[in-house]
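# Tertiary structure, described
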Amino acid sequence: MTDYIPTRQDAFALLQEYNTEDSLIRHGLAVEGVMRHFAEIHQEDPEKWGVIGLVHDLDYQQYPDQHCTKTAEILASHGWPKDYIRAVVSHGWGICSDVEPKEKMEKVLYAIDELTGLVATTALVRPSRSVMDVEPKSVKKKWKDKSFAAKVNRQVIQNGAEMLSMELSELFTETIAGMRKVAQQIGLDGSN
């Protein structure tokens, strides 16, 4: 079982098993899309990065007080590789996990998790309700308004950008680009 490599189908089935809330499934799909986008930029495995993005909040609906801890248990019980589990748990570093992001994939997940929420909320207040016309400057403007999407942890995003040696505007640009690739799946293509 140590040679098991989870597929996207495996990851999506688990996500749906532990989450019924549409918003959490869409968030998983958004993070998956952005992780795949960044994997392509860094010439890494988009399948692996995407699968990790898809399940990163696996336990959030049922076990919010044990976030990351329960996901690690669930993934381990399904025979997931240790590096996948470590990557997923590292996105909660400093909040609900003491596993610091070290690998590029872990740093990207840490940086973009909260940011996808800010980008999605920015898209939803636009007349189009679409990520297709969201620009980095729009996200930056909303970033500065601390009352907008107040639950988004801007410090985590800032820390993640620094870990990746990226300017915030570049991180915004690439996160938007990744979300545009899955706009229909996440309900941000303006058709809803």
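In this text, all values refer to a predicted model and were calculated from it rather than measured experimentally.

Cut-offs and rules
Residues numbered from 1 in each chain as written. Predicted model: local features only at pLDDT ≥ 70, side-chain atom pairs only at ≥ 80, totals over all residues. Heavy atoms only, no water. Core = buried A, V, L, I, M, F, W, Y, C linked by side-chain atoms within 4.5 Å. Buried < 20%, exposed > 50% of the residue type's maximum accessible area, 1.4 Å probe, protein only. Helix = DSSP H or I, 4+ residues; strand = E, 2+ residues; numbered from the N terminus. Contact = heavy atoms within 4.5 Å. Salt bridge = Lys/Arg side-chain N within 4 Å of Asp/Glu carboxyl O. Expected span 1.5 Å × (residues − 1).

Core analysis: the largest hydrophobic core is formed by 57 residues, its most contacted members being W80, I112, V131, L171 and M179. It is helix 6 (residues 104–124) that provides the largest number of residues to this core, a total of 10 residues. If we ignore the near neighbours within four places in the chain, the residues touching L171 are F38, A111, I112, L115, I157, A161, L164 and M166.

Turning next to the pattern of salt bridges. The tally for this structure, following the rule as stated, stands at 11 salt bridges. In this structure, R8 engages E32 in a salt bridge whose closest nitrogen and oxygen atoms are separated by 2.7 Å. Here R8 is found in helix 1 (residues 8–18), whereas its partner E32 is found in helix 2 (residues 22–41), with 24 residues between them in sequence. For R8, a relative accessible area of 29% corresponds to the partly exposed category. On the basis of relative accessibility, which here comes to 5%, the residue E32 falls in the buried class. Taken together, the shared-partner salt bridges connect R8, E32, R36 and E47 into one network.

So, about helix 9 (residues 168–180). The end-to-end C-alpha separation of helix 9 is 18 Å, in line with the 18 Å expected for 13 residues at 1.5 Å each. Of the surrounding elements, those touching the buried residues of helix 9 are helix 2, helix 6, helix 7 (136–144) and helix 8 (154–163).

Once that is clear, we can look at the environment of T69. Structurally, T69 can be placed in helix 4 (residues 69–77). The sequence separation of T69 and L29 amounts to 40 residues, and the corresponding C-alpha distance is 21 Å.

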